[in-house]
Amino acid sequence: MKYKGLYISQSEDKGVLREVDGVEKECEGLYFMVYADKDYGYEIGGFVGAFGIDMENSEEGIQEFVKSEIDTYLEEYKKQQLYALINREYHSFISDVRHFYRDFDIIRDAEKIANMKFVHDYLTIEKPLDSETVDYLLNIVRPLETICDYFQPDRTAFYEAVDCTAKKLFDEQIEKYDQDYSPDFDSEDDEEELEE
């Protein structure tokens, strides 16, 4: 079943727990899995429905229940869908790079490869996008690549970070040098060397 761009499969579930007349009972029902893609390869959620309690045991009753559940959590499902598709796109991209598909040149395309990793990691770990941006990006065939094509890293911050790292390394080496080679005025040998 497809609904609002999401793909839903179902399987029988005989152990759906529901409260009936104040007593928890096992009921028959269905377990629904929600997928990000038409190949049903990226599961992004799931829910259970009990016959006679959550939904009628008919095609129409099942569809109404599924639509209601999806509508209730649509914003979250859409976000999970986008991040799953971005993840799939990134892994496909990396596979292409590793096998030199699409005429990749590791040297020439190094910046693009680095940007894809940086943007992918940020988006899938931080999940910063609002629902309007998510809806827009879901209508793009390759959202990750599109973002990367427009992405311009902040070179100033990068250069400052390199300068700071280099200075830190230099300071640590100077401090180590001072510790290793500074004269020890407590030893007699050092005093003799200074007198000469």
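Just above, that's the structure.
Residues numbered from 1 in each chain as written. Predicted model: local features only at pLDDT ≥ 70, side-chain atom pairs only at ≥ 80, totals over all residues. Heavy atoms only, no water.

Caption draft 1: Local environment of the packing of helix α2 (residues 74-98) against helix α3 (residues 110-126). Two numbers describe how α2 lies on α3: the axes approach to 10 Å, and their chain directions differ by 155°. By the angle class used here, α2 and α3 are roughly antiparallel. As for the relative orientation of α2 and α3, their crossing is left-handed in sense. For the pair α2 and α3, the contacting residues are Tyr 83, Ile 86, Asn 87, Tyr 90, Phe 93 and Val 97 in the first and Lys 112, Ile 113, Met 116, Lys 117, His 120, Leu 123 and Thr 124 in the second. (Axes fitted to C-alpha atoms, helices over the stretch in contact; angles between N-to-C directions. Helix = DSSP H or I, 4+ residues; strand = E, 2+ residues; numbered from the N terminus. Parallel < 35°, antiparallel > 145°, perpendicular 65-115°, else oblique. Left-handed = near helix turned anticlockwise from the far one by under 90°. Contact = heavy atoms within 4.5 Å.)

Caption draft 2: Representation of the pairing of strand β2 (residues 6-20) within the structure. Direction of pairing for strand β1 (residues 2-3) relative to β2: antiparallel, over a ladder of two bridges. In the sheet register, Lys 2 faces β2, and the bridge partner there is Tyr 7. Hairpin connection, β1 to β2: the antiparallel pair is bridged by two residues, and Lys 4 has positive phi, about 50°. As defined by bridge partners, β2 adjoins strand β3 (residues 23-35) across 12 bridges and the pair is classed as antiparallel. Across the sheet, the residue bridging to Val 20 is Val 23, located in β3. Connecting β2 to the next strand, β3, in antiparallel fashion are two residues, including Asp 21 with a positive phi near 55°. (Pairing = 2+ DSSP bridges.)

Caption draft 3: Geometry of a negative patch on the surface. A contiguous patch of negative charge on the surface is contributed by Glu 75, Glu 76, Asp 130, Glu 132 and Asp 135. Its place among the elements puts Asp 130 in the loop between α3 and α4 (131-137). (Patch = residues over 30% accessible without salt bridge, like charges linked within 9 Å, V, L, I, M, F, W, Y side chains within 5 Å. Areas by Shrake-Rupley, 256 points an atom, 1.4 Å probe, with all protein chains shown as cover. Salt bridge = Lys/Arg side-chain N within 4 Å of Asp/Glu carboxyl O. Lys, Arg positive; Asp, Glu negative; His and termini not counted. Charge placed at Lys NZ, Arg CZ, Asp CG, Glu CD.)

Caption draft 4: Quick look at the sheet that holds β2. Strand order in the open sheet made by the four strands is β1-β2-β3-β4, with antiparallel pairing throughout. Every interior strand has two partners, whereas the edge strands, β1 and β4 (43-50), have only one. Its contacts with the sheet place helix α1 (residues 59-72) against β1, β2, β3 and β4, and it is angled at close to 130° to β4. Sheet strands touched by α2: β2, β3 and β4. Its angle to β4, the strand with the most contacts, is close to 145°.

Caption draft 5: Spatial organisation of the pattern of salt bridges. What the rule picks out here adds up to seven salt bridges. Asp 171 is the salt-bridge partner of Lys 167, the closest N and O atoms lying 3.3 Å from each other. Of this pair, Lys 167 and Asp 171 both sit in helix α6 (residues 155-181), four residues apart, which is roughly one turn of that helix. For Asp 171, a relative accessible area of 36% translates into the label partly exposed. (Buried < 20%, exposed > 50% of the residue type's maximum accessible area, 1.4 Å probe, protein only.)

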